[in-house]
Amino acid sequence: MNALTALVRKDLFLYFSNKRALTITLAAPILIAAFFGSVMGGAPKKPTRVPVAVVDLDASPVSKAIVASMRADTALDLRELSEADALAEVRAGHLRAAAVVPKGFGEQAPQAIFTPGARKPDVVVHYDPSQSMALAMVKGILTEHVVKAVAAAAAGPAGMPRPALSMPFNTESREVTGGEHAGYNGFAHSFAGMGVQFVLFMGIELGVGVLLMRRLGLWKRLRAAPVSRTLLLGSRIASGTLIASILMAGIYAAAIILFGVRIQGSVAGFVLIALSFALLTSTFGLLIAALGRTPEATRGLAVLATLLLVMLGGAWVPTFVFPEWLQAATLFVPTRWAVDGLEAMTWRGQGFDAALAPVGAMLAFSALFAAIAIRRFDWEE
Amino acid sequence: MLQARDLWKAYGSKAAVAGVSLDVAAGEIVGLLGPNGAGKSTTVAMLCGLTHPDRGTVTLAGEPVAGEASRAKRRIGLVPQDIALYEDLPALANLELFGALYGVKDDLADHARAALELVGLADRAKDKPQSFSGGMKRRLNIACALVHDPDVLLFDEPTVGVDPQSRNAIFDNLETLRARGKALLYTTHYMEEAERLCDRIVIVDHGKVVASDRKAALVALLPSEKRTRTVVREASLEDVFLHLTGRDLRD
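Residues numbered from 1 in each chain as written. Chains lettered and ligands numbered in written order. Predicted model: local features only at pLDDT ≥ 70, side-chain atom pairs only at ≥ 80, totals over all residues. Heavy atoms only, no water.

Caption draft 1: Geometry of the pairing of strand β1 (residues 2–11) of chain B. Residue and element names in this part refer to chain B. The pairing of β1 with strand β4 (residues 55–60) spans five bridges and is antiparallel. For tryptophan 8, the partnering residue across the bridge sits in β4 and is arginine 55. As paired elements, β1 and strand β2 (residues 14–24) share eight bridges and run antiparallel to each other. Bridging from a neighbouring strand, glutamine 3 pairs with aspartate 23 of β2. (Pairing = 2+ DSSP bridges. Helix = DSSP H or I, 4+ residues; strand = E, 2+ residues; numbered from the N terminus.)

So this is what it looks like as structure tokens:
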């Protein structure tokens, strides 16, 4: 057994012999990813229906036609309530919105549709401000049903047969995923994010471990041995990369077996991205060891830095919800490349070529972290 | 065997070591004594290649110790003052690790078991140090420096915090190693330990060697009226303790 093998074997033994810590390290990302994944859509299934209410104060044939049309819409989970009840339900968060069709709507709306300047009835949409993204959708759907019903009422004179009016086009929604028959799986995103987050936490422990070794005098003992600095730090990088790879494998094994996540893109690309991220984690740990002073203070700061990295990397929420300038800025955050790369190889079904940019970026960050760590590492006690 | 010549080391503007020279021959224990901050630890760090001297040389049988992976470093064993062990790694695995770092390839397990045998821990090979008493950890700490069978051993206060039984066992280990022809440098604050064990004493203060000789010769440095003192010593608590509890190791 040579020195490098002995050091790596020691690190692996110490890490994996603590069964309780290992269980928590693996269970935590799986449980949290399961939660986030189910919140973000879970396994492939029909789109969620939006719970809304309609308040028909008019009770005219036109307003009844609107209600009937909305009830038939599969995108809506429609309830017909009184205005007070509807407001109470929205306020309680049980409904996203409630549309109030005012008295006289059936009379005014058909006139207003073809008469510029005519008085238009007001349809009030009460909405839950914490779910404001649903407002635009509800207003769009409402417009479609109102226009259909009102246009039908306005198209011909009373008592005459009226031509049936409908939207002049159909829309068909198709998921764009990794394959024709492969649906989007919300767990694919959550496991990428939580896997990245918790493996980075392991990287913190690797770095703090070096600081503890210093405190215990073990680092001095290792340095007294006839081995080079390159070998000492290299062994740490090697063992950290191996541990991170094994953890990623465990987390994704659970994602595949229990949550139906599939690598719909290049398997080789996925493996390469996972290995690059493992190397990134390891060098991140070394950077923490080089810049840290005491284990306690370093752990706190490193956790904060890691949480910022994973948040900006899109591990918690997809980066498309960020402002544009932030989306551009996060290209300089290594975790963004890890999360995007893992998603590209799983549900997005991208080929090996799409793995090259994330791999290149993560290798570049790894080299940068390692260079800073080696430069800043305090060899003297 | 081990030779240090005119070692200098400064931290900032303060010289921690200022021109220390010393020799440790095979089959001899040399005591390195001095008050806190005298430069003992810095000297030991330079002797084992942990710290590069600003000036001066350290050689082992004529070979320079300097260099991260020098051949001379393979022939040195350091027993640090801290108990520098992997607490979650079995005792035997600790020894195999340090043996591998010092280039022991063949019969690594045999080397490790021999070191455990010497310090009286052969029956605890598979146990983790976290389950050991303080004295057992100290002995394992020594065994880790012996596993590669070095020619020179540097002991940095190896008896701190141990019970009298373990201390006596450590003394026995040192005497055994001396009998095997090893060169030993022993740093301590306890004068009675140095008197009992050391063939020669080097006293350092303010980074300089203030005396270096055998005990008898050092005593001659005293003014004549101070060389002889009649002391009527009452039995000490240690005498009572060892009388009642015996000298056998308990762990």
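Continuing now.
Caption draft 2: Broad picture of the sheet that holds strand β3 (residues 97–101) of chain A. Residues and elements named next belong to chain A. Pairing is mixed across the open sheet formed by four strands, whose spatial order is β2-β1-β3-β4. Looking at strand neighbours, the two that pair on one side only are β2 (76–80) and β4 (124–127), the edges of this open sheet. This sheet shows a mean twist of 25° between the axes of neighbouring strands, independent of strand direction. Alignment of strand β1 (residues 50–56) against β2, held across five bridges, turns out to be parallel. In the sheet register, proline 51 faces β2, and the bridge partner there is aspartate 77. Most of the contacts of helix α6 (residues 133–154) go to β4, to which it runs at about 150°, and overall it touches β1, β2, β3 and β4. (Axes fitted to C-alpha atoms, helices over the stretch in contact; angles between N-to-C directions. Contact = heavy atoms within 4.5 Å.)

Caption draft 3: Quick look at the interface of chain B and chain A. Residue-level contacts link 31 residues of chain B with 24 residues of chain A. Both sides of the chain B and chain A interface together cover about 2,600 Å² of buried area, and 63% of this is carbon and sulfur. For the chain B face of the interface with chain A, the top three residues by lost area are Leu50, Tyr86 and Leu101 of chain B, together amounting to 28%. Where chain B packs against chain A, one counts one salt bridge. Residue glutamate 96 of chain B pairs with arginine 9 of chain A through a salt bridge whose shortest N-O separation is 3.6 Å. If you look at where chain B meets chain A, you find eight residue pairs in polar contact (both at pLDDT 80 or more). Breaking the side of chain B that touches chain A down by element, the ones donating at least two residues are β6 (76–79), α2 (91–101) and α4 (134–146) of chain B. The element that contributes the greatest number of residues to the side of chain B that touches chain A is α2 of chain B, accounting for five residues. Of the residues contributing to the side of chain B that touches chain A, the split by class is 21 nonpolar, three polar and seven charged. (Buried area = accessible area lost by both parts, 1.4 Å probe. Salt bridge = Lys/Arg side-chain N within 4 Å of Asp/Glu carboxyl O. Polar contact = N/O pair within 3.5 Å; in protein donor to acceptor, adjacent residues only side chain to side chain. Nonpolar A, V, L, I, M, F, W, Y, C, P; charged D, E, K, R; others polar.)

Caption draft 4: Main features of the pattern of salt bridges. All names here are of chain A. On inspection of all chains with the given rule, the structure shows 23 salt bridges over all chains. Two residues, arginine 71 and glutamate 80, come together in a salt bridge whose shortest N-O distance is 3.2 Å. Linking arginine 79 and glutamate 89 is a salt bridge whose minimum nitrogen-to-oxygen distance equals 2.9 Å. Note that arginine 79 is positioned in strand β2 and glutamate 89 in helix α4 (residues 83–91), a separation of 10 residues in sequence. Linked by salt bridges that have partners in common, Lys10, Asp11 and Arg236 make up one network.

Caption draft 5: Structural detail: empty space enclosed by the protein. Applying the stated rule across the entire model yields six cavities of 30 Å³ or more. When its volume is computed, the largest cavity comes out at roughly 130 Å³. Per-class residue counts for the lining of the largest cavity are four nonpolar, four polar and four charged. In terms of lining, the second largest cavity is formed by Arg221 and Ala224 of chain A together with Gly77, Leu78, Phe98, Tyr102, Cys144, Ala145 and His148 of chain B. Of all the elements in the fold, those that place two or more residues in the lining of the second largest cavity are α8 (218–224) of chain A together with β6 and α4 of chain B. Residues belonging to the lining of the second largest cavity are distributed by class as follows: six nonpolar, two polar and one charged. (1 Å grid on protein atoms, 1.4 Å probe; cavity = no way out; pocket = protein on both sides within 12 Å on 5 of 7 lines; lining within 4 Å. Points joined across faces, edges and corners; volume = space filled by probe spheres on them.)

Caption draft 6: Structural view of the nonpolar core. Leu101 and Leu154 of chain B are the most contacted members of the largest nonpolar core, which has 95 residues in total. Look past the residues within four positions of leucine 101 of chain B in its chain and what remains in contact with it is Ala3, Leu7, Leu222, Ala225, Pro226 and Val227 of chain A. Counting residues in hydrophobic clusters, the runner-up holds 52 residues, among them Leu206, Ala254, Leu287 and Ala315 of chain A. (Core = buried A, V, L, I, M, F, W, Y, C linked by side-chain atoms within 4.5 Å. Buried < 20%, exposed > 50% of the residue type's maximum accessible area, 1.4 Å probe, protein only.)

Caption draft 7: Broad picture of the sheet that holds strand β8 (residues 183–187) of chain B. Residue and element names in this part refer to chain B. Pairing within the open sheet is mixed, and its six strands lie in the order β6-β7-β8-β3-β9-β10. Edge positions in the sheet fall to β6 and β10 (208–213), since each has one partner strand and no second. The mean inter-strand angle of the sheet, taken between neighbouring strand axes irrespective of direction, is 15°. Examined bridge by bridge, β6 and strand β7 (residues 152–156) share four bridges and lie parallel to one another. Note that in β7 the partner of glycine 77 across the bridge is leucine 153.

Caption draft 8: Highlighting the packing of aromatic side chains. Following the criterion strictly, the structure yields 11 aromatic pairs over all chains and no others. Judged by centre distance (6.3 Å) and plane angle (45°), the ring pair of phenylalanine 365 of chain A and phenylalanine 369 of chain A falls under tilted. Placement of both phenylalanine 365 of chain A and phenylalanine 369 of chain A in helix α14 (residues 353–376) is noted, with a separation of four residues, approximately one turn of the helix. Take phenylalanine 365 of chain A and phenylalanine 369 of chain A: they sit in the same class, and that class is buried. Here a set of aromatic residues connected by ring pairs shows up, and it is made of Phe187, Phe191 and Phe259 of chain A. For the cation-ring pair, arginine 221 of chain A lies above phenylalanine 98 of chain B, with the distance from its terminal atom to the ring centre recorded as 5.2 Å. (Phe/Tyr/Trp six-rings, centres within 6.5 Å; stacked < 30°, edge-to-face > 60°. Lys NZ or Arg CZ within 6 Å of the ring centre and 35° of its normal.)

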